[in-house]
Amino acid sequence: MKKILIVGAGYEQIDMISKAFDMGHYVIVADADPLAPGFEYASESHIISTTNKEELLKLASEKQIDAVSYMITETPMESVLYISKSLNLPGPSEESVKASQNKNEMRRMFEISEVPGPNFQLISEQDSIDYDKLTFPLVIKPSDKAGQIGLNRVYEPSQLSIAMEKAFKHSSKKEVVIEEYLEGQELNIVIFVQNNRIELLTISDRERHPTKSFGVALSHRFPSKYYSDTLYHEIRSLCEKIIKSLNISNGIVYPQILLKDNCLYVIEVGERIPGGKMKEVFKLATGYDLVELQLKLSLNEEIDLEKINQFKVYKSVFIDFLTAKPGILDTGKVLKAEGIEEARNIPNVIEANYFVNPNEGLEIRPLNTASDRFFYVITAGDNINQVIEGNKESQNKISFVVDKSSEVNR
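What you are looking at is a predicted structure, and each value in this text was computed from that prediction instead of being measured. (Residues numbered from 1 in each chain as written. Predicted model: local features only at pLDDT ≥ 70, side-chain atom pairs only at ≥ 80, totals over all residues. Heavy atoms only, no water.)

Novice: Hey, could you go over the sheet that holds strand β19 (residues 399-403) for me, with residue numbers and the actual values?
Specialist: An order of β17-β15-β19 is seen for the three strands of this open sheet, with the pairing classed as antiparallel. Of all the strands in the sheet, just β17 (363-364) and β19 have a single pairing partner and so form its edges. In the sheet, strand β15 (residues 332-338) pairs with β17 via two bridges, with the strands oriented antiparallel. Paired with glycine 332 across the two strands is isoleucine 364, which belongs to β17. (Pairing = 2+ DSSP bridges. Helix = DSSP H or I, 4+ residues; strand = E, 2+ residues; numbered from the N terminus.)

As structure tokens, then:
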């Protein structure tokens, strides 16, 4: 039995904790939250912040761990890197951690490696903005945050100061990236890298509302409607440049790419298992479980894809999120949910469930960031028309009665 330290025990880390346990390992988890939901799935748990790398290294050394891992969020990456380097264990590269946690570092590395991306400026609180170099619309975001936190799109100079103030508020480093806004199709790419080679790659469309809740994905569509052999090879070639730039030899990598006028631009990259149900897209499209792959990489195991456990593969995968506006749901505390079991029994429905942690009280919040998405429906099959029909029918079955006077609506 091998010992694995998983840094982070939130709701979205439960899959990795329970998977490691099911694989027969002794699972140690750490999180600053004493009520972290992942604690109950672990062999043992410790109340330590995911960013407290010294305390985490002390724990890892005392427990003589065989592996350290994380998923979904970039927050633990620096700690995981510190532990892995100190104990000579597999982990993310130093370049990857810098790029994942700081958009300015990512852009700098990509400029050197000639990885295409939007034009940008890095602004600190002491810097003045050169308005002559700005072309609107623009995207304003903290240099060191993800998940749409502090993210804004501005169309004219009068909107810039408020957007900058919001971004600075959420930046730990007090740095903001001003980026040109590119209009096009957003693509989610998930790649599995082993021994410096891309072994698996998926391309799906990331759909969002054109004007509201900027940056928040409302649905995922696999395969991309723009998919072609030419596009696949262009994206694969671009991803090879990305992993070389970030010095990634083994890992799960999540580039977000924009397709505009037949040109590709890299918007974000993270060396991590992606959230937002993207790991489910990957599993249904390829038959492989990203969590299992990540755990095996963490244990320094050579992975033979022909021998590893493979799940059923589908030609079409749809994931839709039920949300407050611009979605159809009213905000407020949920008093009653209806039609969920009926929706789950519709043909081609793989999963229909709450995106939020139902144990923390069901509340439909205004859609400001990805974490405000409330419910999701996954449909998959080999006939795209049947997948579309199952998707629509299942959503029509589901409804929520809410207390519109509750505080979340104010």
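This is not the end of the story, as more comes after the structure.
Novice: Please give an account of the nonpolar core that cites residues and values.
Specialist: In terms of nonpolar packing, the biggest core is built from 44 residues, with Ile6, Val29, Phe192, Leu293 and Leu305 touching the most fellow members. Membership of the second largest hydrophobic core comes to 27 residues, among which are Phe110, Val193, Ile198 and Leu238. (Core = buried A, V, L, I, M, F, W, Y, C linked by side-chain atoms within 4.5 Å. Buried < 20%, exposed > 50% of the residue type's maximum accessible area, 1.4 Å probe, protein only.)

Novice: How would you explain the sheet that holds strand β3 (residues 44-47) if you had to name every residue and give the values?
Specialist: Reading across from one edge, β3-β2-β1-β4 is the order of the four strands in this open sheet, with parallel pairing throughout. Every interior strand has two partners, whereas the edge strands, β3 and β4 (67-69), have only one. Mean inter-strand twist for the sheet, computed between neighbouring axes without regard to direction, equals 20 degrees. Relative to strand β2 (residues 26-31), strand β1 (residues 3-7) runs parallel, the two being bridged by five bridges. Its bridge partner lying in β2, leucine 5 is registered against isoleucine 28. Along the sheet, helix α2 (residues 53-63) makes contact with β1, β2 and β3, crossing β1 at roughly 170 degrees. (Axes fitted to C-alpha atoms, helices over the stretch in contact; angles between N-to-C directions. Contact = heavy atoms within 4.5 Å.)

Novice: Can you lay out the pattern of salt bridges for me, pointing to particular residues and giving the numbers?
Specialist: Applying the stated criterion to the full structure yields 25 salt bridges. Here lysine 19 makes a salt bridge to aspartate 289, at a shortest N to O gap of 3.8 Å. With lysine 19 in helix α1 (residues 14-22) and aspartate 289 in the loop between α8 (278-286) and α9 (290-298), the pair connects residues that are 270 residues apart, well separated along the chain. Each of Asp15, Lys277, Lys279 and Glu280 takes part in salt bridges that share partners, so that together they form one network. (Salt bridge = Lys/Arg side-chain N within 4 Å of Asp/Glu carboxyl O.)

Novice: Help me get a handle on the packing of α1 against α9, residues and values and all.
Specialist: Where α1 contacts α9, the two axes come as close as 10 Å, and the packing angle between them is 65 degrees. Pair α1 / α9 crosses with right-handed handedness. On α9, the residues touching Asp15, Met16, Lys19 and Ala20 of α1 are Val291, Glu292, Gln294 and Leu295. Classifying every residue of the contact of α1 with α9 by side-chain character gives four nonpolar, one polar and three charged. (Left-handed = near helix turned anticlockwise from the far one by under 90°. Nonpolar A, V, L, I, M, F, W, Y, C, P; charged D, E, K, R; others polar.)

Novice: So, the pairing of strand β8 (residues 175-180): which residues are in play, and what are the values?
Specialist: Strand direction decides the pairing type here: strand β5 (residues 120-124) and β8, joined by five bridges, are antiparallel. Residue pairing across strands places phenylalanine 120 opposite glutamate 179, the latter belonging to β8. Here strand β6 (residues 138-142) runs beside β8; their pairing, made up of five bridges, is antiparallel. Residue pairing in the sheet places valine 139 in a bridge with glutamate 179 of β8.

Novice: Which residues make up the packing of aromatic side chains, and what are the values?
Specialist: Inspection of every chain in the model, using the stated rule, returns eight aromatic pairs. Considering the side-chain rings of tyrosine 181 and phenylalanine 214, the 6.0 Å spacing of their centres and the 65 degrees angle between planes classify their relative orientation as edge-to-face. Here tyrosine 181 is found in the loop between β8 and β9 (185-194), whereas its partner phenylalanine 214 is found in the loop between β10 (197-207) and β11 (219-222), with 33 residues between them in sequence. Across this residue pair, the class does not change: tyrosine 181 and phenylalanine 214 are buried. Note that arginine 153 overlies the ring of tyrosine 181, its terminal NZ or CZ placed 5.0 Å from the centroid. (Phe/Tyr/Trp six-rings, centres within 6.5 Å; stacked < 30°, edge-to-face > 60°. Lys NZ or Arg CZ within 6 Å of the ring centre and 35° of its normal.)

Novice: So what's going on with the side chain of serine 69? Residues and values would help.
Specialist: With respect to the element layout, serine 69 can be found in strand β4. For serine 69, a relative accessible area of 1% puts it in the buried group. A distance of 3.4 Å separates the side chain of serine 69 from the side chain of glutamine 294, its partner in a polar contact. Side-chain polar atoms of serine 69 contact the side chain of serine 298, separated by 3.2 Å. Leaving out residues up to four positions away in the same chain, serine 69 has contacts with Leu5, Ile6, Val7, Met16, Val80, Gln294 and Ser298. (Polar contact = N/O pair within 3.5 Å; in protein donor to acceptor, adjacent residues only side chain to side chain.)

Novice: Outline unusual backbone geometry, listing residues and values.
Specialist: With an omega of -5 degrees, the peptide bond running from phenylalanine 222 to proline 223 counts as cis. Along the chain, the position of proline 223 falls in the loop between β11 and α7 (229-245). Of note, the bond from lysine 325 into proline 326 is cis; its omega dihedral lies within 30 degrees of zero at 15 degrees. Structurally, proline 326 is set in the loop between β14 (316-322) and β15. Positive phi is not limited to glycine here, since glutamate 114 has a value of about 60 degrees. Its location among the elements puts glutamate 114 in the loop between α5 (103-113) and β5. When its relative accessible area of 63% is taken as the criterion, glutamate 114 is described as exposed.

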